[in-house]
Amino acid sequence: MDRKYVWFAGTAVVLMLADLATKQMIIEQIPYRGGFSAIDGFFNIVHARNRGAAFGLLNDGDPRFVMPFFIVV
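Structural notes, computed from the coordinates.

Reading the values: the criteria
Residues numbered from 1 in each chain as written. Predicted model: local features only at pLDDT ≥ 70, side-chain atom pairs only at ≥ 80, totals over all residues. Heavy atoms only, no water. Salt bridge = Lys/Arg side-chain N within 4 Å of Asp/Glu carboxyl O. Helix = DSSP H or I, 4+ residues; strand = E, 2+ residues; numbered from the N terminus. Buried < 20%, exposed > 50% of the residue type's maximum accessible area, 1.4 Å probe, protein only. Phe/Tyr/Trp six-rings, centres within 6.5 Å; stacked < 30°, edge-to-face > 60°.

1. Looking at the pattern of salt bridges
- Under the definition given, this model contains two salt bridges.
- Put simply, K23 and D19 hold a salt bridge, and the shortest N to O gap is 3.0 Å. On the criterion of helical spacing, the pair formed by K23 and D19 is a turn pair, its members being four residues apart in helix α1 (residues 3–29).
- The class of D19 is partly exposed, set by a relative accessible area of 34%.
- Its salt-bridge partner being R64, residue D62 comes within 2.7 Å of it at the nearest N-O pair.
- What makes D62 partly exposed here is its relative accessible area of 35%.
- We classify R64 as exposed; its relative accessible area is 69%.

Laid out in structure tokens, this is it:
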């Protein structure tokens, strides 16, 4: 296997684990809809939930429709 693919896959795994770890930290330490300013006036960390897709697409949709829709798409 080519080294660049191994490096790419390793980087992807590390980034996914970091993403999951930070999400878990937020769930455990910040109350729902609470947050704090990471960079004042520019970047806030907020505990929010999105059951839909990117940018809240189908967030309020009926789960009986949304899950089959995402599986098909």
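Still to come is the rest of the account.
2. Some remarks on the packing of aromatic side chains
- The final tally for this structure, using the stated rule, is two aromatic pairs.
- Taken together, F65, F69 and F70 form an aromatic cluster joined through their ring pairs.

Don't take any of this as a statement about function, it's just geometry.
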